[in-house]
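Below are the chains, spelled out letter by letter.
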Amino acid sequence: MREVNDVSKFAGRRRRAGFPFSQRVSGGIINMEPEMEDKTVELMTTSGMESQTLVDDLSPKKTTVLKPTNGPVMGSRKRPSEGNYEKEKEHCITLFDQWSEADQVEFVERLISRMCHYQHGHINSYLKPMLQRDFITALPAQGLDHIAENILSFLDARSLCAAELVCKEWQRVISEGMLWKKLIERMVRTDPLWKGLSERHQWEKYLFKNRTSEIPPNSYYHSLYPKIIQDIETIEANWRCGRHNLQRIQCRSENSKGVYCLQYDDEKIISGLRDNSIKIWDKQTLECLKVLTGHTGSVLCLQYDERVIVTGSSDSTVRVWEVTTGEVLNTLIHHNEAVLHLRFANGLMVTCSKDRSIAVWDMASPTDISLRRVLVGHRAAVNVVDFDDKYIVSASGDRTIKVWSTSTCEFVRTLNGHKRGIACLQYRDRLVVSGSSDNTIRLWDIECGACLRVLEGHEELVRCIRFDNKRIVSGAYDGKIKVWDLQAALDPRAPASTLCLRTLVEHSGRVFRLQFDEFQIISSSHDDTILIWDFLNIAGGAMQLTLYRRKSRADWLMGASVVKRSASSFFFFLLVISLSISHSAPSCPF
């Protein structure tokens, strides 16, 4: 009874000292809660005599050993004699040096796995300076700038901004290497939107030139880049919201009204009209420059390049015209009924007709065009054709799309799905997009023939359709032009309600043909007009870029950087180039 009272007094003293001690006596052994174990080690070292006497009193025949469970307590471990440790260490190092690199790595991994957390911290502190390198200062003095410029020229805009903030040496290499100019040039070469902006805003003349006094300093290109990004974001927002500047060409047809086909470039628009004529318009002034006559029926289709205009008509003929003079170079008579559509490229031309046939032609020159093959298989008028080096694709009023081999002209497969005749299509890479009189648009994989998506929204026949990498633009007999999100349409998870970005309503008649690029849509209609929908130059909010002016250098200092990135963002850049920048010994920090 006296021993139990002594234990109770001992426990009470520990509680008052602030230790959450729970006592249980069973067979003369004191069991403690897990959170008490580390404190108990300290308690036993500071009050060793008292606790040992108590344990001895409770169990004179047993010795209780209390061990911490949360890793080793380094303070309680003793190194063996210094002489033995040195000998053992040298022996281990000797064995380690004899192993292969793979074995050494495996051995070190096993050693690290047996260490505690604070030991890992010591190792990390030791390794960090060894892994951190400023690769620019580590380059040899000879050719340093050239090598450093080549390395940094692969960076994107955000990484280049971060690199400028590393130190003055990095900023000097970027500035003297004109890396912002090189970045803009790379974007202009690879992105049509950048190329179009460079032409329209006239800063293209400061690109792709060697270092001369005529080009502005690097700071100009540094400040130009964010302005370009802002313009691109504005253009994309204009497309999404339908903001545009509208220009109208009144064709003033003499007899029957309607513009059946068109094509444009930066200088001109060429249109084919229901009154049998072909009209060439100045794209800037919207004035009619020339009228080509010769067809005895409506001009239903056309295409041109830098040398010739090729047109197809309801008079069943195909005519070839010289672009600059308007002279007729050739007339092809083959089809029995109206020529509804045609395409030519790389010495090959394909025409289709209301007579249900497709003609494949070899174009050696504008005056030397010979028939290679006639493709038959459709059971109704063939309304549209398209082709590349692999396939010829045709669509018909028989509700089918047929695929043919370009090289052999052999039939490949049929795409079925539309419920009524097909009026239009475009084919590029593996994607075919078609529009039908069932009022729908379908997206197809040409290789397997699968229908990837059905777009619904038009109220009448879908007469014309075009697409690029971002969007599909369609025109219909309901007088409406719709803009669709192509990437979302290709995603089967995207809801149908999110696919149509905008509906444009300005035509008062059926939309017959349209073409578009990153900045505009040009459409023609039964209402005898050609409309230019400009998403770049919006009235009241036109975007302007600062052009180069030969003034003081202060004019170019429009900002130190596009954005100031955090340190973590810069480490991401370092990860991309598989190098790290030393914080312990930076060169010349800003």
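For every chain, the first residue of its written sequence is number 1, and the numbers climb from 1 along that sequence. Thresholds applied to this predicted model are a pLDDT of at least 70 for local features of residues and 80 or more for the giving and counting of side-chain atom pairs; totals over whole chains, interfaces and linings are not thresholded and use all residues. Heavy atoms throughout the structure, all of them, feed into the side-chain values; hydrogens and water do not.

In the nomenclature of an unreviewed UniProt entry, the protein is known as F-box/WD repeat-containing protein 11 of Characodon lateralis.

Chemist: What is the right way to read the packing of helix 9 (residues 157-164) against helix 11 (residues 179-190) from this model?
Modeler: Between two packed helices, the angle of one axis relative to the other and the distance separating the axes together describe the packing. Two elements in contact, helix 9 and helix 11, have axes whose closest approach is 11 Å; the angle formed by their N-to-C orientations is 175°. Between helix 9 and helix 11, the angle falls in the class roughly antiparallel. Mapping the contact onto sequence places Ala157, Leu160, Cys161 and Glu164 in helix 9 and Leu179, Trp180 and Leu183 in helix 11. Residue classes follow a fixed rule: Ala, Val, Leu, Ile, Met, Phe, Trp, Tyr, Cys and Pro count as nonpolar, while Asp, Glu, Lys and Arg count as charged, and any other residue, Gly among them, counts as polar. Residue composition of the contact of helix 9 with helix 11, by class: six nonpolar, no polar and one charged. Here the axes come from fitting lines to C-alpha atoms, over the contacting stretch only for helices, and the angles between their N-to-C directions go from 0 to 180 degrees. To qualify as a helix, a DSSP run of H or I must reach at least 4 residues; to qualify as a strand, a run of E must reach at least 2; elements of each kind are numbered from the N terminus. Throughout, the term roughly parallel applies to angles under 35 degrees, roughly antiparallel to angles over 145, roughly perpendicular to angles from 65 to 115, and oblique to all others. Contact definition: two residues touch when any of their heavy atoms are within 4.5 Å.

Chemist: Looking at this structure, how should I read unusual backbone geometry?
Modeler: As a rule of thumb, non-glycine residues mostly have phi less than zero, and peptide bonds are mostly trans rather than cis. With phi around 75°, Arg356 is a residue other than glycine that occupies positive phi space. Tracing the chain through its elements places Arg356 in the loop between strand 13 (348-353) and strand 14 (358-365). For Arg356, a relative accessible area of 45% translates into the label partly exposed. Of note, Asp429 is a non-glycine position whose phi angle comes to about 55°, a positive value. Mapping Asp429 onto the fold places it in the loop between strand 20 (422-428) and strand 21 (431-436). Burial classes follow relative accessibility: with a 1.4 Å probe on protein chains only, a residue under 20% of its type's maximum area counts as buried, one over 50% as exposed, and anything between as partly exposed.

Chemist: Is there a simple way to think about the UniProt feature "repeat: WD" (unreviewed entry) in the protein in this case?
Modeler: UniProt positions are given in the numbering used here, feature names are shortened, and annotations may be inferred rather than shown by experiment. Within the UniProt annotation, "repeat: WD" (unreviewed entry) is assigned to residues 252-291, 292-331, 332-371, 375-414, 415-454, 455-487 and 504-534. Between the end C-alpha atoms of residues 415-454 the distance is 14 Å, and the span holds 0% helix and 62% strand.

Chemist: I would appreciate a short explanation of the side chain of Ser313 in the present structure.
Modeler: Among the secondary structure elements, Ser313 is positioned in strand 9 (residues 308-313). The exposure class assigned to Ser313 is buried, which follows from its relative accessible area of 0%. A distance of 3.0 Å separates the side chain of Ser313 from the backbone nitrogen of Asp315, its partner in a polar contact. The contacts of Ser313, once residues within four sequence positions are left out, are His295, Gly297, Ser298, Val299, Leu300, Ala338 and Val339. Polar contacts, as counted here, are pairs of nitrogen or oxygen atoms within 3.5 Å of one another; within protein the pair requires one atom able to donate a hydrogen and one able to accept it, and residues that are adjacent in sequence qualify only if both atoms are side-chain atoms.

Chemist: It is not clear to me how the sheet that holds strand 22 (residues 440-445) should be interpreted in this structure. Could you clarify?
Modeler: Consider a sheet: its strands pair through backbone hydrogen bonds, and that pairing is either parallel or antiparallel. Strands are labelled as partners when DSSP assigns at least two bridges between them. Pairing in this open sheet of four strands is antiparallel, and the strands run 20-21-22-23 from one edge to the other. On the outer flanks of this sheet lie strand 20 and strand 23 (451-456), each paired with one strand and no other. Ignoring strand direction, the axes of neighbouring strands in this sheet form an average angle of 15°. In terms of strand pairing, strand 20 meets strand 21 through six bridges, oriented antiparallel. By the bridge assignment for strand 21, Tyr427 is matched with Val432.

Chemist: Is there a simple way to think about the pattern of salt bridges in this case?
Modeler: Between side chains of opposite charge, a pair can form when the charged atoms approach closely. Basic side-chain nitrogens of Lys or Arg form a salt bridge, by our definition, when they fall within 4 Å of a carboxyl oxygen of Asp or Glu. If you walk through the whole model with that rule in mind, you get 19 salt bridges. For Arg200, the salt bridge identified is with Asp266, shortest N-O distance 3.8 Å. Linking Arg200 in helix 12 (residues 192-200) with Asp266 in the loop between strand 4 (259-264) and strand 5 (268-273), this pair joins segments that are 66 residues apart in sequence. A relative accessible area of 28% places Arg200 in the partly exposed class.

Chemist: Just checking my understanding: could you explain a nonpolar patch on the surface for this structure?
Modeler: Together, Leu95, Trp99, Phe107, Val108, Leu111 and Ile112 make up an exposed nonpolar region whose accessible area comes to about 430 Å². Here Phe107 lies in helix 5 (residues 101-113). For patches, a residue must show more than 30% relative accessible area and have no salt bridge; joins then use 9 Å for like charges and 5 Å for nonpolar side chains, namely Val, Leu, Ile, Met, Phe, Trp and Tyr. Computed with a 1.4 Å probe, the accessible areas rest on the Shrake-Rupley method; for each residue, only the protein chains presented here act as cover.

Chemist: How do you make sense of the packing of aromatic side chains when you look at a structure like this?
Modeler: We describe a pair of aromatic rings using the distance from one ring centre to the other and the angle between the two ring planes. Between rings of Phe, Tyr and Trp, where Trp is taken as its six-membered ring, a pair exists when centres lie within 6.5 Å; planes separated by under 30 degrees are stacked, by over 60 edge-to-face, and by other angles tilted. One pass over the full model with this rule turns up 12 aromatic pairs. Of the aromatic side chains, those joined through ring pairs into one cluster are Phe96, Trp99 and Phe107. Comment: the charge-over-ring label is applied if NZ (Lys) or CZ (Arg) is within 6 Å of the ring centre and within 35 degrees of the ring normal. In this arrangement the basic side chain of Arg471 is found over the ring face of Trp239, its NZ or CZ atom lying 4.1 Å from the centre. The lysine or arginine in question, Arg510, covers the ring of Tyr477, its NZ or CZ lying 4.2 Å from the ring centre.

Chemist: I would appreciate a short explanation of the confidence of the model for the protein in the present structure.
Modeler: Caution applies to low-pLDDT parts of the model: their predicted coordinates are not meant to be read in detail. Summing up the model confidence of the protein, the mean pLDDT is 81 and the portion of residues at 70 or higher is 75%. For the stretch residues 1-76, pLDDT sits under 50, and the model shows 53 contacts to residues farther than four places along the chain or on other chains. For every residue, the predictor reports its confidence as pLDDT, a number between 0 and 100. Note on residues 541-590: pLDDT under 50 across the span, and 89 contacts to partners over four residues away in sequence or across chains.

Chemist: In this structure, what is going on with the pairing of strand 20? I would like to understand it.
Modeler: Where burial is concerned, most of strand 20 is hidden: six out of the seven residues are buried. Taken together, strand 20 and the strand that follows it, strand 21, pair antiparallel across an intervening segment of two residues, in which Asp429 is found at a positive phi of about 55°.

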